[in-house]
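Per-entry structural report
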Amino acid sequence: MRLVATTSIKPGEILGQSIFRDNGTVLLHSGVALSERLIERLEERGITYVYIQDELTKDIEIKPAISERLRQEATSSMKEIFTKIRKEKLLTKSFALDDHGKQITDIITKIMDELNDHEETINLLTDIYLTDNYIFQHSLNVTIYALAIGANLKLNASELTELGKGALLHDIGKVFIDPEILQKPDKLTNDEYEIIKTHTTLGYEFLRKNHTISSVIAHCAFQHHERIDGTGYPRGIKGEDIHLYAQIIGVADVFDAVTSTRVYRKAMLPHEGLELLYTSAINQFDIRIVEAFKNSVAVYPNGITVKLNDNRLGVVLKQNKHICDRPIIRILKEESNAIEPYTIDLSKELTITITECDLV
Ligand SMILES: [Fe+2]
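Here the structure is a predicted model, which is why all the values come from computation and not from measurement.

Thresholds applied
Sequence order as written defines residue numbering, which begins from 1 separately in each chain. Owing to the predicted nature of the model, reporting of local features is limited to residues with pLDDT of at least 70; listing and counting of side-chain atom pairs is limited to 80 or more, with chain, interface and lining totals taken over all residues. Excluded from the side-chain calculations are hydrogens and water; all other atoms, namely the structure's heavy atoms, are used. Secondary structure elements are defined from DSSP: runs of H or I of at least 4 residues count as helices, runs of E of at least 2 residues count as strands, and each element is numbered from the N terminus. Throughout, the radius of gyration refers to the C-alpha atoms, and the reference size of a globule is 2.2 Å times the residue count to the power 0.38. Burial classes follow relative accessibility: with a 1.4 Å probe on protein chains only, a residue under 20% of its type's maximum area counts as buried, one over 50% as exposed, and anything between as partly exposed. Note on definitions: a residue-residue contact is assigned when non-hydrogen atoms from the two residues lie within 4.5 Å. Throughout, the Shrake-Rupley method with a 1.4 Å probe supplies accessible areas, and for residues the shown protein chains are the sole cover considered. Two residue types count as positive, namely Lys and Arg, and two as negative, namely Asp and Glu; His and chain ends fall outside the count. Where a charge sits is defined by one atom per residue type, namely NZ (Lys), CZ (Arg), CG (Asp) or CD (Glu). Polar contacts, as used here, are pairs of N or O atoms within 3.5 Å; protein pairs need one atom able to donate a hydrogen and one able to accept it. Residues neighboring in sequence count only if both atoms are side-chain atoms. Any two strands are treated as partners once DSSP identifies two or more bridges connecting them. In this analysis a donor is any N, O or S atom within 2.8 Å of a metal ion (3.2 Å for sodium, potassium and calcium), and since water is not included, sites may seem incomplete. Square planar and octahedral assignments, for four and six donors respectively, both demand that opposite donors be over 155 degrees apart and that all other angles lie between 65 and 115; tetrahedral needs four donors with all angles between 85 and 135 degrees, and anything else is irregular. Segmentation of the chain into domains, including their bounds, is taken from an automatic or database domain assignment. Buried area: the sum, over both parts, of the accessible surface (1.4 Å probe) that disappears when the two are put together. Salt bridges are defined as contacts in which a side-chain nitrogen from Lys or Arg sits within 4 Å of a carboxyl oxygen from Asp or Glu. Note that Gly is not counted as nonpolar here; it falls among the polar residues with everything else outside the nonpolar set of Ala, Val, Leu, Ile, Met, Phe, Trp, Tyr, Cys and Pro and the charged set of Asp, Glu, Lys and Arg. For Phe, Tyr and Trp, where Trp contributes only its six-membered ring, two rings pair if their centres lie within 6.5 Å, and the inter-plane angle classes them as stacked under 30 degrees, edge-to-face over 60, or tilted in between. Of all possible arcs, the one meant is that of the directions from the helix axis to the C-beta atoms.

Of regular secondary structure, the chain possesses 12 helices and 11 strands. What you see for the chain is a C-alpha radius of gyration of 21 Å, in line with the 21 Å of a compact globule of 360 residues. Taking the principal axes of its C-alpha atoms as reference, the chain extends roughly 65 × 45 × 40 Å. Among the 360 residues that make up the chain, the fraction classed as buried is 52%. Taking as baseline every contact in the chain between residues at least 6 positions apart, the subset at least 24 positions apart corresponds to 64%. Summed over all atoms, the accessible surface of the chain reaches about 16800 Å², with 51% contributed by carbon and sulfur. Here the chain contributes 42 positively and 53 negatively charged side chains, and the mean placements of these two sets differ by 3 Å.

What follows is the structure, given as structure tokens:
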């Protein structure tokens, strides 16, 4: 399989991975031949790229960070919990997360188990979901990334569990915000933006009232939009005043926001998302956290087309587990001429670098 820009799909090409609706049902099945009409529909929906099956790359595997089954299970648990909170808040003004403590711990444990079982570096390109309930997929992705960063920073199992819970619940305050504002596809007004910003404080206040939730987890909700240079919100606190877990979640949050498919803008690829984090890292993030992220995930995921500094063109075949930005590549073209494909390992050919990463 290889990853291609939606704009360069040719009619008749075969979809390599299914595209899901947020309720888990499939919108387009893998194996379907993409007609002109379907390609147009993908573009209309704001989908920047998809996986395509073809002869030259049919053996390239794309393994998601967590299994589809666990993703479905976690999403539906979160939906249940968030919906309950929204309802109870409206009806009785009482809070009820305590009943779900075990359910949340179970989700985190299962994600940690699957991440540990991974033989390859974690693939950051998640399945493409078209969703109005973006919050569930987003929270889940942030949890996966935060756990990857935490493991790289050598946090122990109980610290990781705490971090995972903080990540899963970091945006819980959004259940108290008008969905019309949250899902508005156009630019927000200043007033609307101010309302959205209150999700941090609302989430903190809510979590503080739940006895099974530790204060650290509540602080993840409170502080994940704070930045070390003091430019964040809600309080504009700086540096080490921001809890390490909230800083980790902040990095994971920004990465997922820029690399996810949303209706109103194009999704960035992982290396672009990481580059953005590096640029921000100068002022806003602790560079050690950004480094830990880069060192634990596939910067160039399998199936992506790369151009090398000697004008060769290829597709990423496999990852080198501990050298996340130097994968194994199947070369398909030299100086723009198609050649008999062969493989090179960038961890062994150190003079060769990836200069471009295109979705051709
Ligand atoms: Fe947030």
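Turning to the environment of His219, a few remarks are in order. Within the element layout of this structure, His219 appears in helix H9 (residues 215-223). Taking relative accessible area as the criterion, His219 reaches 22% and is therefore assigned partly exposed. With 19 residues separating them along the chain, His219 and Thr200 place their C-alpha atoms 9.0 Å apart. Setting aside its immediate chain neighbours within four residues, His219 contacts Tyr204 and Ala246. Engagement of the side chain of His219 in a polar contact is seen with the backbone oxygen of Ser215, the distance being 2.9 Å.

Bringing the pairing of strand E9 (residues 328-334) into the picture now. Most of E9 sits out of view: five of its seven residues are buried. Inspection of the sheet shows strand E8 (residues 312-318) paired to E9 by six bridges, in the antiparallel sense. Looking at E9, one finds that Val315 is bridged to Arg330. In this sheet, strand E10 (residues 337-345) lies alongside E9 in antiparallel orientation, the contact comprising six bridges. Within E10, the position partnered with Arg330 by the bridge is Thr343. Counting the residues that bridge the hairpin from E9 to E10 gives two residues, and of these Glu335 lies at a positive phi of roughly 45°.

Tracing the chain through its elements places Ser18 in the loop between strand E2 (14-15) and strand E3 (19-21). Among the residues examined, Ser18 registers a relative accessible area of 17% and is labelled buried. Side-chain polar atoms of Ser18 contact the backbone nitrogen of Ser30, separated by 3.0 Å. Every residue in contact with Ser18, bar those within four places of it in the chain, is listed here: Val26, Leu28, His29 and Ser30.

For the iron ion, the protein coordination sphere consists of Asp171 (OD), His199 (NE2), His224 (NE2) and His225 (NE2), at 2.2 to 2.3 Å. What the four donor atoms of the iron ion show is an angle range of 82 to 171° at the metal, which sorts the shape as irregular. Read in sequence order, the donor residues coordinating the iron ion give the pattern D-x27-H-x24-H-H. Pair noted here: His199 is in helix H8 (residues 199-208) and His224 is in the loop between H9 and helix H10 (244-259), with a separation of 25 residues, a long-range link.

Frequently, the measure chosen for interface size is the accessible area that the parts lose on association. When the domains of the chain are assigned, the result is domain 1 (2-57), domain 2 (68-117 + 135-285) and domain 3 (305-358). Taking the mean C-alpha position of each, domain 1 and domain 3 sit 24 Å from one another. In this assembly, four residues from domain 1 lie in contact with five residues from domain 3. Each partner contributes to the roughly 330 Å² buried at the junction of domain 1 and domain 3, and carbon and sulfur atoms together form 65% of this total. Its largest share of buried area at the contact with domain 3, domain 1 owes to Arg2, Leu56 and Thr57, together 87% of the area lost on that side. Viewed at the interface, domain 3 and domain 1 are joined by zero salt bridges. At the junction of domain 1 and domain 3, the tally comes to one residue pair in polar contact (both at pLDDT 80 or more). Classifying every residue of the side of domain 1 that touches domain 3 by side-chain character gives two nonpolar, one polar and one charged.

Right, let's get into the packing of aromatic side chains. Considering all chains together, one arrives at seven aromatic pairs under this definition. On the basis of an interplanar angle of 45° and a centroid distance of 5.7 Å, the ring pair of Tyr145 and Phe293 is categorised as tilted. In this pair, Tyr145 is assigned in helix H4 (residues 134-152) and Phe293 in helix H12 (residues 287-294), connecting sequence segments 148 residues apart. A relative accessible area of 2% means that Tyr145 is categorised as buried. Since its relative accessible area comes to 0%, Phe293 is described here as buried. Between Tyr193 and Tyr233, the aromatic rings sit 6.5 Å apart at their centres with planes inclined by 80°, giving edge-to-face as the arrangement. With Tyr193 in helix H7 (residues 190-197) and Tyr233 in the loop between H9 and H10, the pair connects residues that are 40 residues apart, well separated along the chain.

For H8, the set of buried residues is His199, Thr200, Gly203, Tyr204, Phe206 and Leu207. For H8, the buried positions fall inside an angular range of 165° around the axis, keeping them on one side.

The next subject is the pattern of salt bridges. Opposite charge on two side chains permits pairing when their charged atoms draw close. In the structure shown here, the tally under the stated rule is 14 salt bridges. The salt bridge involving Asp106 is made with Lys102; its shortest N-O contact spans 3.0 Å. In this pair, Asp106 and Lys102 are both assigned in helix H3 (residues 101-117), four residues apart and thus about one turn of the helix distant. Residue classification places Lys102 among the exposed residues on the basis of a relative accessible area of 60%.

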